[in-house]
Every structure is written in C-alpha cells, then in structure tokens.
Amino acid sequence: MSDSFDFAQAPGHLIRRAQQIAVSVFAEQMAAMDVTPVQFAILNALMDTPGIDQVTLAARVAFDAATSGSVIGRLESKGWVRREADDHDRRRKLLWLTPQGVQATLEMKPLVTQVQADILSVLDGQEQQQLLALMNKLVKAHQA
C-alpha cells in the first residue's frame, strides 16, 4: 500500500479546477457586461419568476441566502433589480427585474449560451452529454 496521494486526480480538486476554468471563461467573455455567473443566475431566475422572495431565489440558484443579499444589492445599484418588502411580512423581500434588467438579461443570454459551449468545446458531443449527465447525477445525489 502506497502512502502517496495523487491530489491532481482527486475528484474534489478536479471539480474545483473545472469551476475555476468555467468562471475564468465566463469572466473573459462577459467582461463587457460586468456580471458574474451568480449575478447572471439571479437575473435569469428573476426573469422566469418575477416577484419571487429573496430566500427562495437564493435556493433556486443554489447560493447562500445571507450572501445573496449583497449580490442583489450590486444588481440594484446597476439599476437591474428592484427589491421591495412584502406587504404581508415586511422582513420578506420580493424581487423583480427593472426594464433595464430585462434588457440586460436578454442581451446576456446568447452570450452565456456561447460561454457554456466554449467551456465544453474540448469535448466531443457524446462526451459533453456524458459529463453533464454525470455532473447532474452527482449534484442531485449530494443535494438529497
């Protein structure tokens, strides 16, 4: 039995490196939009579910609810998101895209689609499908 551990082949390390690469490709190609992957995920979710509360939105994009407030604050400062207290529970914050937020999100969607294709471009079509299926399986199994 060997005492060595091949860290470069450790699943956690490879997942972290893949995340770094994905964020780097996103940042490079989306620099003109000045948006992060988490910000885009929030904008995209708000387009699909206007008026959603902040805690539910954070869960939908798999982001920490406490930290999401500062991300939403940055989107508010850009004029892309409107946040209001719920009339029935003032502690609950409801969110909508502004007209500028809708326009920005619509402009971003094809760019983000291209980013995703570029991230996977080193794989052939079958490998892309296999990787996505395995990542989905891994995420779903660990969410449970």
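The text that follows walks through the structure, step by step, so that each part is easy to find. Model, not experiment: these values are computed from the prediction.

So, the nonpolar core
A general feature of soluble globular proteins is that nonpolar side chains tend to end up buried together. Residues V35, V81 and M108 are the most contacted members of the largest nonpolar core, which totals 23 residues. Those elements that place two or more of their residues in this core are α1 (11-29), α2 (37-48), α4 (65-77), β3 (93-97) and α5 (99-120). Apart from residues lying up to four places away in sequence, V35 is in contact with F26, M30, F40, L43, K78, W80 and M108.

Topic: the packing of α1 against α5
Direction vectors running N to C along α1 and α5 enclose 140°, while the axes themselves pass 10 Å from each other. When the axes of α1 and α5 are compared, the pair comes out oblique. α5 is crossed by α1, and the crossing has right-handed handedness. The residues of α5 that touch α1, namely those facing A22, V25, F26 and Q29, are V112, Q114, V115, D118 and I119. For the contact of α1 with α5, the residue count by class is 6 nonpolar, 2 polar and 1 charged.

Here we look at the environment of D64
Within the secondary structure, D64 is located in the loop between α3 (54-60) and α4. Residue D64 is classed as partly exposed on the basis of its relative accessible area of 45%. One polar contact links D64 to T67, side chain to side chain, over a distance of 2.6 Å.

Points about α1
Helix length check: α1, at 19 residues, gives a terminal C-alpha distance of 27 Å against a target of 27 Å (1.5 Å per residue), a fit within 8%. Within the sequence span of α1, burial applies to H13, V25 and F26. Tucked inside the fold, the buried residues of α1 contact α2 and α5.

Remarks on the sheet that holds strand β1 (residues 52-53)
Spatially, the 3 strands line up as an open sheet ordered β1-β3-β2, and their pairing is antiparallel. Two strands close off the open sheet at either side, each with one partner strand: β1 and β2 (81-85). Pairing of β2 with β3, which is carried by 5 bridges, proceeds in the antiparallel orientation. Within β3, the residue paired with V81 across the bridge is L97. On top of the sheet, α2 reaches β1, β2 and β3; it is set at about 90° to β3, its chief contact.

A closer look at the packing of aromatic side chains
A complete count under the given rule lists 1 aromatic pair for this structure. A ring pair is formed by F5 and F7, whose centres lie 6.5 Å apart and whose planes are at 55°; its orientation type is tilted. Its relative accessible area of 46% is what places F7 among the partly exposed residues.

Rules used throughout
- Once a new chain begins, its residue numbering starts again from 1 and follows that chain's sequence as written.
- Predicted model: local features are reported for residues with pLDDT of at least 70 only, side-chain atom pairs are reported and counted for 80 or more only, and whole-chain, interface and lining totals are derived from all residues.
- Note that the side-chain values use all heavy atoms of the structure and ignore hydrogens as well as water.
- Here, nonpolar core refers to any group of buried Ala, Val, Leu, Ile, Met, Phe, Trp, Tyr and Cys residues whose side-chain atoms link them within 4.5 Å.
- When a residue's accessible area, from a 1.4 Å probe over protein chains only, is under 20% of the maximum for its type it is buried; when over 50% it is exposed; and in between it is partly exposed.
- Comment: elements are numbered from the N terminus, with helices defined as DSSP H or I runs of at least four residues and strands as E runs of at least two.
- Contacts were defined at the residue level, with two residues in contact if any of their heavy atoms lie within 4.5 Å.
- To obtain each axis, a line is fitted to C-alpha atoms, and for helices this fit is confined to the stretch in contact; angles are then taken between N-to-C directions over 0 to 180 degrees.
- An angle below 35 degrees is treated as roughly parallel, one above 145 as roughly antiparallel, one from 65 to 115 as roughly perpendicular, and anything else as oblique.
- Each helix crossing is assigned a hand: it is left-handed if the near helix lies turned anticlockwise from the far helix by less than a right angle, otherwise right-handed if that turn is clockwise.
- Three residue categories are used. Nonpolar comprises Ala, Val, Leu, Ile, Met, Phe, Trp, Tyr, Cys and Pro, charged comprises Asp, Glu, Lys and Arg, and polar comprises the others, including Gly.
- Distance and chemistry together define a polar contact, namely a pair of N or O atoms within 3.5 Å, with one atom able to donate a hydrogen and the other to accept it when in protein, and with adjacent residues in sequence counting only for side-chain atoms on both sides.
- To estimate the expected span of a helix, count its residues, drop one, and scale the result by 1.5 Å.
- In short, DSSP must find at least two bridges between two strands for them to pair.
- Side-chain rings of Phe, Tyr and Trp (the six-membered ring for Trp) are treated as a pair once their centres are within 6.5 Å; stacked means planes under 30 degrees apart, edge-to-face means over 60, and tilted covers the remaining angles.

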